[in-house]
Structure formats: structure tokens, C-alpha cells
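# A closer look at the structure
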2 protein chains.
Amino acid sequence: MTHGSSPSFPGHLQDTLVEVLAAVFTVRPTKDGGASLDVLLWQRGQQPDAGKWSLPGGMLLSAEDVDDSARRQLAEKVDLTRVSHLEQIGVFSAPHRMPDARTVATGFLGLVPLDADPSLPPDTAWHPVGALPSTAFDHGRIIDQAHRRLQAKLSYTNIGFALAPAEFTVAELRRIYATALGHDVDPTNLHRILLRRGMLAPTGTTGPRNPVGGRPAALHRFTIAELRVTDPFAAFRPRDAEGPTRQPPPR
Amino acid sequence: MTHGSSPSFPGHLQDTLVEVLAAVFTVRPTKDGGASLDVLLWQRGQQPDAGKWSLPGGMLLSAEDVDDSARRQLAEKVDLTRVSHLEQIGVFSAPHRMPDARTVATGFLGLVPLDADPSLPPDTAWHPVGALPSTAFDHGRIIDQAHRRLQAKLSYTNIGFALAPAEFTVAELRRIYATALGHDVDPTNLHRILLRRGMLAPTGTTGPRNPVGGRPAALHRFTIAELRVTDPFAAFRPRDAEGPTRQPPPR
DNA sequence: ACAAAAGTGTTCGCGCTACACCCATGC
DNA sequence: GCATGGGTGTAGCGCGAACACTTTTGT
């Protein structure tokens, strides 16, 4: 019997390529004083899908895992070294998602803080998620799933740290959250929820003076610079128990 | 400039293989009247890692995506056709996770209902998650991640449908949840939470008589047989808004 | 009548939304 | 002083945990 992961396989499996694709988001101020959630894309110069816009990424090398590969490709190909968060979204493996060789992609969600504003290669640009250009292959689906993941995690993790600049006012943070979520956010509740969860701390210093008057805003920063689940939403769990105990079941 | 997913690549990339591995869980009654959460494993007969226990799975074929592949391999290799739920866990791609050829695995969480009890090939067996034998390669990590995913989703989705038999009493369902979660569960709250969420419905019929007396239990069933998020836990969201609106940000 | 098991009602606490109110600054 | 925007207090609500109580069966 030869079931399982033994390395015996039909010859045509040699043709399967493994690539990594990252949907990198950032919040960028717009000219009209608003903000937009943008994703980083580059325009294909050659067939197939010439002229369409692709996610940055490329082939997995033999000495790296997919996470390392995503970081490397973002640094090499679009000069992004300050990626504040990166996580797997899923595998995209429809047999003919690429027209030539069979290629399986691991999709990633990447985030870049608002104040990073890296220099980009000429054929690369930020595009508003709400108004995407024509995208290559299945990259539109990857962007969509990454966006949904971001929206979900904004509410039950501290993932906002990866979009916010080092220091910010609550009003600025509200704009970032509202832009990424696609709906308005109450700055009152945002402030206190993140404070209660211990994710936010005032720096003590005061923010930029508003020329038109008004109380100057206190500057804040995130206390933790890596992903942390802040709302375990664990139903059915006894109140006193902490982590999910791995002990044998009752009775 | 050749960034992105163009099919130009160094020759050594041809050696990357793509496999699919499924951690299939089920809740099984034990002799002492309890229950245990078990995972399906098969014992390797050959090197490498001969004698150790592996997850079922195998190589991705050219005409299928990874989800189809997982379903196919479970049906072909361990005769599991009644898999009630299957979802991707993530990509496992450490460069030397397999000693011979470079192999990238897509890990899956699979679930089988308590009343299925399929016939298994001789070298295949259910093992309690709390007392695993020595596992091959990185399969232990895959099992662990799948288990955690299951525990999390039990609280905010209807994923219990995939572990429960077609009809059951609340007490039986309590045992299933407690076994999968690893801690006790209050049958009162379990019952009403699932009722309020519209996931559970009484069949009207009454359950098996208890020989020692007591009120006979009402039989129930899940109303929906596919994964549904029942607790959106979306903080910062205005109360009236429903789904995450994709409209442009405020201001 | 009594025991046993299932199911219901009630209380409590907590976290989040909404909104009115207070504070600090520029003119 | 007054307008403007930032920050705080507070009421209300919905959900889930805990637990006492009622209902239905067997002996």
C-alpha cells in the first residue's frame, strides 16, 4: 500500500511550480483630506496578461520557507523592507490559474505603516482597494481574501499597530481603522477599547497644534509591535479558566 | 525587470513537490463511558521515518486543486468518503521538513461525525489527540494547528455540526463539545446559545429511554450542514450595519 | 413517593455602543 | 468671550456564565 506522503509520484508532478504572492496594504491620505486603503501592484509588461496588474511575489527558492520567501521578494522586487506584518492567507491552486505551467500560489496579507511611504520601482504603484484596475490571473481573489482577513482581525487583535505610524493621535488612528474597515468608527470607543486591552499608551507628549484652534491631541503609540489576539471570544468556556487546557476531556 | 510571478526560474525549482496532508478529527466514545478526540493516522512501513505515524495525504495531481486533492486522497487511501468538513490550515514549507526531495505541504483540518465510524485499512488507526504516538516529519505541528483551529471555531461558528451525528440529545452534544474543547461545557448554555443562533432545532421525537429512569431527552439536529460564522465579534462596528460594507471610507 | 436526568427561568457581570458632557487651545 | 476639536462620564443593551428550579420519566 502506498498511501500517504511517500515521494513516489507520476512524472507530470515535476511540472508543479510553487510561488508566493503578497497583498500588501497600507492606508494613504488622499488629496481631498480623506484616506484610502491601497494595495501594492505592478503592471505586467509581457504575456500572459500583459498590461494587467499583479501582486508582487515570485518563485519559492529551495533554501527558504514561504514566509521567508515573501519577505525576500518584497525586499528585492518592490524595495519593501519595512513590512510591519505578514501572514499566510491560503493556498490558491486551481489547475489552470496560470495559463502555462501548473503553479500553486501561497497568498499572504502584508501591512505597511502609514508613515513608511517607500520608494517604488517605476512599474509599481499603490491602488485603492475600492477601485482596482484589471488584475492578472486570480490575484483579485487573493486581494479580496486578504482584505477580509484584515477587516476581521482589526476587531479582535491588535493588528492596527501594523497600519499606524509610530506615534499618532486618536483621531488619526480612527481614520486608519475607518478606512481599512470601510465604515465609520467611534473614536471614543476605539480609544478606550484599545486602552483596556492594554494595546495603546499615551506618550505624554502632545500632538500637532491645529491652526484653527481646539484642544491639542495627545499622542499615542501601540505597546506591542507584533500580532496578539486581544479578544478570545471563547464561548462555552468556564470563566476562571485561562488558556485552552489540553487536559483529557471530562468524565 | 523580472519581478513578480513570471514563469522564469532557476532550474532547481523543478524539484519542489506539492503534497496535501489532512488532520481528520472525530469524537469517539471510550470504553469507560467517556469520549476522546481522535485523529486519523497511518503507520509508515518504509524509510524515511519508518514506524512513525503519518497524516493521510499525498501528492497534488495536475487536474485538481488542493481541496479536491485532499478529498480524493482521503477517499482513496483511507476510505473516508463522509468527511463533513474540510478546510485549509496553512502551508508547511520548511526547506528540510522532508529529508529527500523538497516538498511543500498544504495542511487541512478534516472532521468526521461521531456516528460515521468508517472501515479503515489495516495500517491505519484513530489516535487520541491527547496521547499521540511518535509522528513523522512535521505532522505533529499540523495536528496541533488543526486542533487549535477546531477549538477556536467551535465557539464562534456552527462547526459542531461536522462532529455530531445526524440526531442527538443535548447531553450527547455537550460531550462532543467538551471532548473537542478539552474542558467542561454547561449543557444549559450550549443548548440556548445554539438555539438563539438558529443552528439547532428539536426534531420533535424523543431520545432513547434511560434504563435507570429520568426524563427522556429530546432529539435535536443542526439546521445547517455547512460552515457558518455565527458570532461576527466585530468591534468598532455601528450596531445597525450588517455585513462589512465595502463602500469608500468616511470623509 | 423517591431518584435521576432533561430542560427552563433568573440573576449577575462584562464589554461594547451611543451620546451627552467637560477640557484645552486659538482667535 | 466663543468656536473648535480632543477627551471623559454614563446609560443602556445584548450576550454568556452560573445555578436554582421545574418537568418527566423509571423503580
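Residues numbered from 1 in each chain as written. Chains lettered and ligands numbered in written order. Predicted model: local features only at pLDDT ≥ 70, side-chain atom pairs only at ≥ 80, totals over all residues. Heavy atoms only, no water.

When helices and strands are tallied, chain A shows four helices and nine strands. Written out in order from the N terminus, the α and β elements of chain A read β-β-β-β-α-β-β-β-α-α-α-β-β. Within chain A, the proportion of its 251 residues that are buried is 50%. Relative to all contacts within chain A whose residues are 6 or more apart in sequence, the contacts with residues 24 or more apart total 64%. Just so you have it, chain A exposes about 11,500 Å², and 51% of that area is on carbon and sulfur atoms. (Helix = DSSP H or I, 4+ residues; strand = E, 2+ residues; numbered from the N terminus. Buried < 20%, exposed > 50% of the residue type's maximum accessible area, 1.4 Å probe, protein only. Contact = heavy atoms within 4.5 Å. Areas by Shrake-Rupley, 256 points an atom, 1.4 Å probe, with all protein chains shown as cover.)

Residues and elements named next belong to chain A. Of note, Q43 is situated in strand β2 (residues 35-43). Between the C-alpha atoms of Q43 and P122, which are 79 residues apart in sequence, the distance is 9.5 Å. In contact with Q43, other than residues within four places in its own chain, are G51, K52, W53 and D123. A distance of 3.0 Å separates the side chain of Q43 from the backbone oxygen of G51, its partner in a polar contact. (Polar contact = N/O pair within 3.5 Å; in protein donor to acceptor, adjacent residues only side chain to side chain.)

Attention shifts here to the domain arrangement of chain A. Residues and elements named next belong to chain A. On domain assignment, one finds that chain A holds domain 1 (17-138) and domain 2 (156-222). Relative placement of domain 1 and domain 2: their C-alpha centres are 27 Å apart. Residue-level contacts link 16 residues of domain 1 with 11 residues of domain 2. Together, the buried faces of domain 1 and domain 2 total about 990 Å²; carbon and sulfur atoms form 69% of this surface. When residues of domain 1 are sorted by the area they lose upon contact with domain 2, V27, L37 and L111 head the list and together hold 36% of the total. (Domains from an automatic or database assignment. Buried area = accessible area lost by both parts, 1.4 Å probe.)

This part covers unusual backbone geometry. All names here are of chain A. Cis geometry marks the peptide bond from Q47 to P48; its omega dihedral reads -5°. Looking at where P48 falls in the secondary structure, it is placed in the loop between β2 and β3 (53-54). Not every positive phi belongs to a glycine, and D79 is a case in point at roughly 60°. Exposure remark for D79: the relative accessible area of 42% places this residue in the partly exposed category.

What follows concerns the protein's contact with DNA strand C. Near DNA strand C there are 29 residues, and of these R196(A), R197(A), A218(B), F236(B) and R239(B) occur at the shortest range. Contacts to DNA strand C include T188(B), whose side-chain N or O atom sits 3.1 Å from a base oxygen. Within the contact set of DNA strand C, a phosphate oxygen lies 2.5 Å away from a backbone nitrogen or oxygen of A218(B). Broken down by secondary-structure element, the contributors of at least two residues to the surface near DNA strand C are α4 (187-196) of chain A together with α3 (170-181) and α4 (187-196) of chain B. (Near = heavy atom within 4 Å.)

The full count for this structure, using the stated rule, is six aromatic pairs over all chains. With a centroid separation of 5.6 Å and an interplanar angle of 45°, the aromatic rings of F168(A) and F222(A) are classed as tilted. Of the two residues, F168(A) is situated in the loop between α2 (139-156) and α3 (170-181) and F222(A) in strand β9 (residues 218-222); the sequence distance between them amounts to 54 residues. For the pair F168(A) and F222(A), one class covers both residues: buried. Considering the side-chain rings of Y177(A) and F236(B), the 5.4 Å spacing of their centres and the 80° angle between planes classify their relative orientation as edge-to-face. Here the residue Y177(A) occupies a position in helix α3, and F236(B) occupies one in the segment after β9 (218-222), the pair thus bridging two chains. The same class applies to Y177(A) as to F236(B), namely buried. One aromatic cluster is present, formed by Y156(A), Y156(B) and F233(B) through successive ring pairs. (Phe/Tyr/Trp six-rings, centres within 6.5 Å; stacked < 30°, edge-to-face > 60°.)

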